[in-house]
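Secondary and tertiary structure notes
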Amino acid sequence: VLTYFNKFYSDLRHSNFYDSTFVRSRLESIRKNFALTIQNDLLLLTFDNIVLNGPANLSNIVQELNNELLLAFKGNQYRIEQINQLFKRFQVLGKKLPNEVLDLPLTTVEGKTIMLRQIIDKSDKTLYVDFWASWCEPCMHEMPASERLYKKTDTLATFVYISIDKDEAKWMRALKKIAVSGQHYQLSNEFKSPLTRYIGFNTIPRYLIISADGTLR
């Protein structure tokens, strides 16, 4: 199982993952080669990866997988909630952010309030948005990679880091520690904001791509 999925996920880095025929063949391979108990878990892992990494043109496959998994995990409330959250995330891709999200107030490093709408309007480039927190070890671990990405693509994208720290002092201390280039803001109500509810995520790190016209990619 491990060897199979190492190969599958390595293929995510190649363009053929964006080919629906390729993805369907991989899904059929899972259905044919694994026992049902393992099969459902592997399909869910694949569903998760498609939602987080795949393009919007896989929408038919995502819909079919969603229906299949809801039946497979019927009665397992934890899994059903997980599937519903993933499907919700996929449904908002390719759509413009609603006003309640665009009007979301964020705190600048100077202690001023700014709306997400203003951040998007000020940039004529795509926004790369990183949700993180000082208490999130995986978030902190990924910051050097984000800085390397910034140095390669800063002319193509505006890098925005949104901390969900409740404690401003901890946020500021962490900023000095990570020392990454870009715009930094604080969202103090963590996972209860209109933005996190709209996108449907409750874990970090979480990365978003928002086009210059406010469309979630």
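Scroll up a little and you will see the structure.
In short, a report on the structure. This is a predicted model, so every value here is computed, not measured.

**Describing the overall build of the protein**
The helix and strand tally for the protein stands at ten helices and six strands. Across the 217 residues that make up the protein, the buried fraction comes to 45%. Sequence-distant contacts in the protein: of pairs separated by 6 or more residues, those separated by 24 or more amount to 65%. Entry remark: accessible area of the protein is about 11,800 Å², with carbon and sulfur atoms responsible for 52%.

**Describing the packing of helix α4 (residues 59-72) against helix α5 (residues 77-91)**
If you want to describe how two helices pack, look at the angle between their axes and the distance between the axes. One can describe the packing of α4 onto α5 by two numbers: an axis separation of 10 Å at closest approach and a directional angle of 165°. In terms of their interaxial angle, α4 and α5 are classed as roughly antiparallel. At the point where α4 passes α5, the crossing takes the left-handed sense. Contacts from Ser59, Val62, Gln63, Asn66, Leu69 and Leu70 of α4 reach α5 at Ile80, Ile83, Asn84, Phe87 and Phe90. Its residues assigned to classes, the contact of α4 with α5 shows seven nonpolar, four polar and no charged.

**Here we look at the pattern of salt bridges**
This structure, assessed with the given rule, holds four salt bridges. A salt bridge links Glu28 to Arg31; its shortest N-O distance comes to 2.6 Å. Here Glu28 and its partner Arg31 are both found in helix α2 (residues 20-33), three residues apart, which amounts to about one turn of the helix. Among the salt bridges present, the one from Glu68 reaches Arg31, with a minimum N-O distance of 2.7 Å. In this pair, Glu68 is assigned in helix α4 and Arg31 in helix α2, connecting sequence segments 37 residues apart. Classification of Arg31 by relative accessible area gives partly exposed; the value is 25%. Through salt bridges with shared partners, one network takes in Glu28, Arg31 and Glu68.

**Digging into the nonpolar core**
The nonpolar side chains of a soluble globular protein tend to be buried, and buried together. Formed by 41 residues in total, the largest nonpolar core has its most connected members in Leu97, Leu106, Val129, Phe131, Trp132 and Ile204. Listed by contribution, the elements that provide at least two residues to this core are α6 (99-102), α7 (116-122), β3 (126-132), α8 (137-153), β4 (157-163), α9 (168-178), α10 (194-199) and β6 (206-210). In contact with Phe131, other than residues within four places in its own chain, are Cys139, Ile162, Ile164, Leu187, Leu195, Phe201, Ile204, Pro205, Arg206 and Leu208. Within the second largest apolar cluster, 22 residues are counted, among which are Val23, Leu43, Val51 and Leu86.

**Some points on the environment of Leu36**
As for its position among the elements, Leu36 is in helix α3 (residues 36-53). C-alpha of Leu36 to C-alpha of Ala72: the two residues are 36 residues apart in sequence and 9.4 Å apart in space.

**Some thoughts on the sheet that holds strand β2 (residues 113-115)**
If you trace the six strands from one edge of the open sheet to the other, you get β2-β1-β5-β4-β3-β6, paired in mixed fashion. Each having just a single partner strand, β2 and β6 make up the two edges of the open sheet. Neighbour-to-neighbour, the strand axes of the sheet open up by a mean angle of 35°, direction not taken into account.

**Describing the state of the cysteines**
Scanning the entire structure with this criterion turns up one disulfide. Covalent S-S linkage joins Cys136 and Cys139, the inter-sulfur distance amounting to 2.3 Å. As the torsion about the S-S bond is roughly 80°, the Cys136-Cys139 disulfide counts as right-handed.

**Regarding the pairing of strand β1 (residues 105-108)**
Residue alternation in β1 divides its side chains into a buried set, Leu106 and Thr108, and an unburied set, Pro105 and Thr107. In this structure, β1 lies alongside β2, joined through three bridges in antiparallel fashion. Residue pairing for β2: Thr107 is matched across the bridge by Thr113. Between β1 and β2, which pair antiparallel in sequence order, lie four residues; one of them, Gly111, sits at a positive phi of approximately 90°.

So, how was this worked out
- Residues numbered from 1 in each chain as written.
- Predicted model: local features only at pLDDT ≥ 70, side-chain atom pairs only at ≥ 80, totals over all residues.
- Heavy atoms only, no water.
- Helix = DSSP H or I, 4+ residues; strand = E, 2+ residues; numbered from the N terminus.
- Buried < 20%, exposed > 50% of the residue type's maximum accessible area, 1.4 Å probe, protein only.
- Contact = heavy atoms within 4.5 Å.
- Areas by Shrake-Rupley, 256 points an atom, 1.4 Å probe, with all protein chains shown as cover.
- Axes fitted to C-alpha atoms, helices over the stretch in contact; angles between N-to-C directions.
- Parallel < 35°, antiparallel > 145°, perpendicular 65-115°, else oblique.
- Left-handed = near helix turned anticlockwise from the far one by under 90°.
- Nonpolar A, V, L, I, M, F, W, Y, C, P; charged D, E, K, R; others polar.
- Salt bridge = Lys/Arg side-chain N within 4 Å of Asp/Glu carboxyl O.
- Core = buried A, V, L, I, M, F, W, Y, C linked by side-chain atoms within 4.5 Å.
- Pairing = 2+ DSSP bridges.
- Disulfide = S-S within 2.5 Å.

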